[in-house]
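Given next are the chains, with one letter for each unit.
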Amino acid sequence: MLPTRVSDSAPGAMVPHAMTQRTPQPAAARPSPAALGLSSLLVLIGVLHFAVGDLTWWAECITVWPTVGWLMLLAPRLAIWARRKQWSDVRVVATTALILVASTTEWRGLFRSPPALGTPVGPGAFRVVSWNVAGGMPLDELAADAPDLVLLQEIGGMPPPERRQPQFSAFEWLADFDPGTLSKTPIARLPTRRIGPWQEPQVIRTAIAGRPLLVINVRLTLPAFVVAVATFEPPSRLIQMHTERLGQFTLLRGLIMETLKREGSSSAVLCGDFNSPGGIQSAGPLRSIMRDVWPEGGRGWGATMPAWLPLSRIDQCWVTPDIEVISAVVRKGESDHRRLVVDLRFR
């Protein structure tokens, strides 16, 4: 087809026919500075989690919070952008947030099948329950777990044996100011000492399936930033409280190693309210002698606090290398914490 002449064009000028003209396409919208800023902030939080963790007081203020909480804080802003059809802003921030949460969250337990009901079976198998009961004593719920060993924190009053559930009538009970331990097998208190500003650990000797076992029941101090806000401590105390919190893990390791050596044993179970999320860098000293049971045997969602919307796995159980982890689950009950139920077996 020949080109057509346009009347308002210069004399002799030719233009393409209308059928051959292309309509210019609008440029793709770019993320706004606000979206790029939020995305950069999320990347920085991720770098802090992996490179620094809670080993400095200023990074502790950020990394002790579960990263899924940042996603919840971003949800209103993402909803506003979606309502305004600012899809490029939604995509860049949501993608960065999801990568942060996926890389810092203990999600593997969600893909493990739940353990079979009933008590652990096999030679040397036993069940441990760790629970911050927030001043209560919910024995009915504990009886449903069929435990061999129960480590409680922030304990309430324990009824006398004749008023307990039949399952616990013959259990031995050993209580301190904060922690208390209920055991199917005979227990004996061992020497302990302070490892931080809070209650000293409860250290107990027992035997299961003829094997000696050291049991340590703890409630560790909160992150410095949380304590400072809750108690109106001056900023000058922040660094000191952070140092005390880091030091408790080193001192706890020393206490466990000394007790194992004195008792001539190699088997230990450490449970309690750590008041710090699982996998935190400050727990490094413990990793040299024990291991956290959840990464190995956790089934489902492992967070325990708060009970109504658990976001952080602050209630933990650790074992020495000669103890095998069969499974670990978290269950809801009458407390602001969820309880941790762990099935173990001597190797």
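Now for a quick tour of the structure. (Residues numbered from 1 in each chain as written. Predicted model: local features only at pLDDT ≥ 70, side-chain atom pairs only at ≥ 80, totals over all residues. Heavy atoms only, no water.)

1. Focus: the layout of surface pockets
Right, so step 1: Computed from the structure, the largest pocket encloses a volume of approximately 500 Å³.
Right, so step 2: As for the largest pocket, its lining consists of 23 residues, and the residues nearest its centre are Thr104, Thr105, Glu106, Pro277 and Gly278.
Right, so step 3: Of all the secondary-structure elements, those providing two or more residues to the lining of the largest pocket are helix H1 (33–51), helix H3 (67–83) and helix H4 (87–104).
Right, so step 4: Among the residues making up the lining of the largest pocket, the classes are represented as 10 nonpolar, 11 polar and 2 charged.
Right, so step 5: Size it by volume and the second largest pocket reaches roughly 350 Å³.
Right, so step 6: In terms of lining residues, the second largest pocket is bounded by 20 residues, among which Trp65, Leu222, Asn275, Met305 and Ile314 are the most central.
Right, so step 7: For the lining of the second largest pocket, the per-class residue count stands at 12 nonpolar, 5 polar and 3 charged. (1 Å grid on protein atoms, 1.4 Å probe; cavity = no way out; pocket = protein on both sides within 12 Å on 5 of 7 lines; lining within 4 Å. Points joined across faces, edges and corners; volume = space filled by probe spheres on them. Helix = DSSP H or I, 4+ residues; strand = E, 2+ residues; numbered from the N terminus. Nonpolar A, V, L, I, M, F, W, Y, C, P; charged D, E, K, R; others polar.)

2. Quick notes on the pairing of strand S12 (residues 315–319)
Right, so step 1: Burial of S12 is extensive: 5 of the 5 residues sit out of reach of the surface.
Right, so step 2: On S12, burial covers both faces: Asp315, Cys317 and Val319 on one face and Gln316 and Trp318 on the other are all buried.
Right, so step 3: One ladder, built from 5 bridges, connects strand S10 (residues 268–273) with S12; its direction is antiparallel. Residue pairing in the sheet places Gly272 in a bridge with Gln316 of S12.
Right, so step 4: Both strand S11 (residues 291–292) and S12 contribute to a ladder of 2 bridges, which runs antiparallel. Bridging from a neighbouring strand, Arg291 pairs with Val319 of S12. (Buried < 20%, exposed > 50% of the residue type's maximum accessible area, 1.4 Å probe, protein only. Pairing = 2+ DSSP bridges.)

3. With respect to the packing of aromatic side chains
Right, so step 1: Under the counting rule described, the total for this entry stands at 4 aromatic pairs.
Right, so step 2: Geometrically, the ring pair formed by Trp107 and Phe111 is edge-to-face, given 5.8 Å between the ring centres and 85 degrees between the ring planes.
Right, so step 3: In this structure, Arg108 packs its charged tip against the face of Trp107, placed 6.0 Å from the ring centre.
Right, so step 4: For the cation-ring pair, Arg339 lies above Trp131, with the distance from its terminal atom to the ring centre recorded as 5.0 Å. (Phe/Tyr/Trp six-rings, centres within 6.5 Å; stacked < 30°, edge-to-face > 60°. Lys NZ or Arg CZ within 6 Å of the ring centre and 35° of its normal.)

4. A word on the pattern of salt bridges
Right, so step 1: Throughout the structure, instances matching the rule amount to 16 salt bridges.
Right, so step 2: The residue Arg313 makes a salt bridge to Glu106 at a minimum N-O spacing of 2.6 Å. Highlighted residues: Arg313 in the loop between helix H9 (293–297) and S12 and Glu106 in the loop between H4 and strand S3 (125–132), separated in sequence by 207 residues.
Right, so step 3: Classification of Arg313 by relative accessible area gives buried; the value is 6%.
Right, so step 4: Classification of Glu106 as partly exposed rests on a relative accessible area of 28%.
Right, so step 5: Across the pair Glu154 and Arg219 runs a salt bridge whose closest N-O atoms are separated by 3.3 Å. Here Arg219 lies in strand S9 (residues 211–219) and Glu154 lies in the loop between strand S4 (149–153) and strand S5 (172–175), a separation of 65 residues in the sequence.
Right, so step 6: Accessibility expressed as a relative area gives 29% for Glu154, which makes it partly exposed.
Right, so step 7: Three or more residues are tied together by salt bridges with common partners; here these are Asp54, Glu60 and Arg245. (Salt bridge = Lys/Arg side-chain N within 4 Å of Asp/Glu carboxyl O.)

5. Looking at unusual backbone geometry
Right, so step 1: The amide bond that connects Met305 to the next residue, Pro306, takes the cis arrangement and shows omega of -10 degrees.
Right, so step 2: Structurally, the position occupied by Pro306 is in the loop between H9 and S12.
Right, so step 3: In this model, Lys85 sits at a positive phi of 60 degrees, which is unusual for a non-glycine residue.
Right, so step 4: For Lys85, the position within the fold is in the loop between H3 and H4.
Right, so step 5: Of note in the backbone geometry, Ala146 takes a positive phi value of approximately 50 degrees without being a glycine.
Right, so step 6: Here Ala146 shows up in the loop between helix H5 (139–145) and S4.
Right, so step 7: In this structure Ala146 comes out as partly exposed when scored by relative accessible area, which is 22%.

6. Here we look at the sheet that holds S3
Right, so step 1: The 6 strands lie next to each other as S5-S6-S4-S3-S14-S13, forming an open sheet whose pairing is mixed. In the strand order of this sheet, the two ends are held by S5 and strand S13 (323–331), each with one partner. Shown here is a sheet whose adjacent strand axes are inclined to one another by a mean of 15 degrees, direction ignored.
Right, so step 2: For S3 and strand S14 (residues 339–346), the ladder comprises 6 bridges, and the chain directions are antiparallel. Considered in S14, the bridge of Phe126 is made with Leu344. (Axes fitted to C-alpha atoms, helices over the stretch in contact; angles between N-to-C directions.)

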